[in-house]
Amino acid sequence: MKASERLASRMKLLGTESAFSVLAKAKALEAEGRDIVHLEIGEPDFDTPGHIVEAGCDALRNGHTHYTPSAGVMELREAIARDVAKSRNVPVESGQVVVTPGGKPVMFFSILALVEEGDEVLLPNPSFPIYESMVRFAGGKPVFAPLRQENDFRFDLDEFRAGMSEKTKLVIINSPANPTGGVLAKDDVAGLADILREYPDAFVFSDEIYSRLLFEGEFASIASEDGFSPSGRTIILDGFSKTYAMTGWRLGYGVMPERLAGEVAKLQVNSNSCANAAAQYAGIAALAGPQGSVDDMREEFRERQDIMVSGLNEIPGVECAVPKGAFYVFPRIVGTGHSADELADMLLDEAGVACLSGTGFGKYGEGHLRFSCANSRENIRRALERVGDVLSK
Ligand code: PLP
């Protein structure tokens, strides 16, 4: 075997995110002159608010062009601790906060720090594909708790309980959820907490990256439940990518027990050293500054989702539920007679509409497509027309 082919066997365990592969395919079609409507990638299409951009530029001008402490600039860690303490109603110390380049590394580092060969990890299915990828990479065994449209994409608590065992090291939840737009209400979270109290040794990883993109009710975090604070057994993932349209800045954070935060910071020292310095100063401005842009963006997503949901429901064979949070719709397409993979390919090739097959999020995603609403109302209407045309042929 050639040296260049001798990869470590663990690389076979690592999965990927179909959003990036479909984006690459769609870009290649565009390079051939095709007109593509992009509804595949999960990033707000809005500009980062001006005062945040200014703070980032000022930071660069003022010499913040160097390494920072690996867990992040103290002023930002303190601001995050205050923000999370207030929004989740729990005590949080800055020592529990690790600032990372985007929220994703919090997944990568926490799973590497906690999951060992043979450990079980309970996670939703369909869900963000990196959870399963990382659990397998760490040698863990993913156990799936299904999310179904007929249950508003919430857990069936009996199925959730059945997924738990003495081997469960970690439980992953995500609300509002990618790809389904489902939300765990206060009652759902309390029900999960009741079950998890029977397993006091399991950590809980709560991915709350869409917590500010909620269309009704109040955000409910498991960290607010008795016994689930981030100084005990819960790891919160949140960040700036979705809330402040800052995906390209790469700025996120984890809030977790201090001992684990130290280990996660050590993994950061061993990989990326720290998050981008100027982005961290922009993050301080994002938390301290006006929050109106977050509300405006959420309202625009709501309008677009309304257009998307009603347009999709007019297409024969498609049934789309109204999402309660995030910025995706996850319609059931079983009635079209196509599998999810087949239809996603057909829409890209024949209609020039890039979207994702539900199977990219796990086996329970079969029969669904994910459309992101991070595109203009006009482009969403164009996409709907094209999808309707292809399916009526
Ligand atoms: N968690 C979920 C559920 C997501 O959908 C994403 C991004 O799509 C992330 C975390 C990571 O976001 P980022 O690393 O861009 O901050």
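In the block above lies the structure referred to throughout.
Read on for an overview of the structure. Every value quoted in this text rests on a predicted model; they were computed, and no experiment measured them. (Residues numbered from 1 in each chain as written. Predicted model: local features only at pLDDT ≥ 70, side-chain atom pairs only at ≥ 80, totals over all residues. Heavy atoms only, no water.)

## Regarding the pairing of strand β6 (residues 203-207)
Across the 5 residues that make up β6, a large majority, 4, are buried. Relative to β6, strand β5 (residues 168-174) runs parallel, the two sharing 5 bridges. Residue pairing across strands places Val 171 opposite Val 204, the latter belonging to β6. Traced from β5 through helix α7 (residues 186-196) to β6, the parallel crossover comes out right-handed. (Buried < 20%, exposed > 50% of the residue type's maximum accessible area, 1.4 Å probe, protein only. Helix = DSSP H or I, 4+ residues; strand = E, 2+ residues; numbered from the N terminus. Pairing = 2+ DSSP bridges. Right-handed = clockwise from strand over helix to strand, strands pointing away.)

## Here we look at the site of the ligand
With respect to spatial proximity, 14 residues lie near the ligand, and among them Gly 103, Asp 207, Tyr 210, Ser 241 and Lys 242 are the closest. Interatomic distance of 2.7 Å between a backbone N/O atom of Gly 103 and an oxygen atom of the ligand. With respect to the ligand, the side chain of Arg 250 contributes an N or O atom lying 2.8 Å from an oxygen atom. With the chains in place, 94% of the 390 Å² that the ligand exposes on its own is no longer accessible. (Near = heavy atom within 4 Å. Polar contact = N/O pair within 3.5 Å; in protein donor to acceptor, adjacent residues only side chain to side chain. Areas by Shrake-Rupley, 256 points an atom, 1.4 Å probe, with all protein chains shown as cover.)

## Examining α7
Of the positions making up α7, those classed as buried are Asp 188, Val 189, Gly 191, Leu 192, Ala 193, Ile 195 and Leu 196. The elements touched by buried residues of α7 are α6 (157-163), β5 and β6. (Contact = heavy atoms within 4.5 Å.)

## Overview of the nonpolar core
Residues Met 308, Leu 312, Leu 347, Leu 369 and Phe 371 are the most contacted members of the largest nonpolar core, which totals 65 residues. Three or more residues apiece are contributed to this core by two domains, here domain 1 (3-47 + 292-392) and domain 2 (65-288). Every residue in contact with Leu 312, bar those within four places of it in the chain, is listed here: Val 318, Cys 320, Val 329, Pro 331, Phe 371 and Leu 384. Counting 26 residues, the second largest nonpolar core, distinct from the first, contains Val 73, Val 90, Val 99 and Phe 240. (Core = buried A, V, L, I, M, F, W, Y, C linked by side-chain atoms within 4.5 Å. Domains from an automatic or database assignment.)

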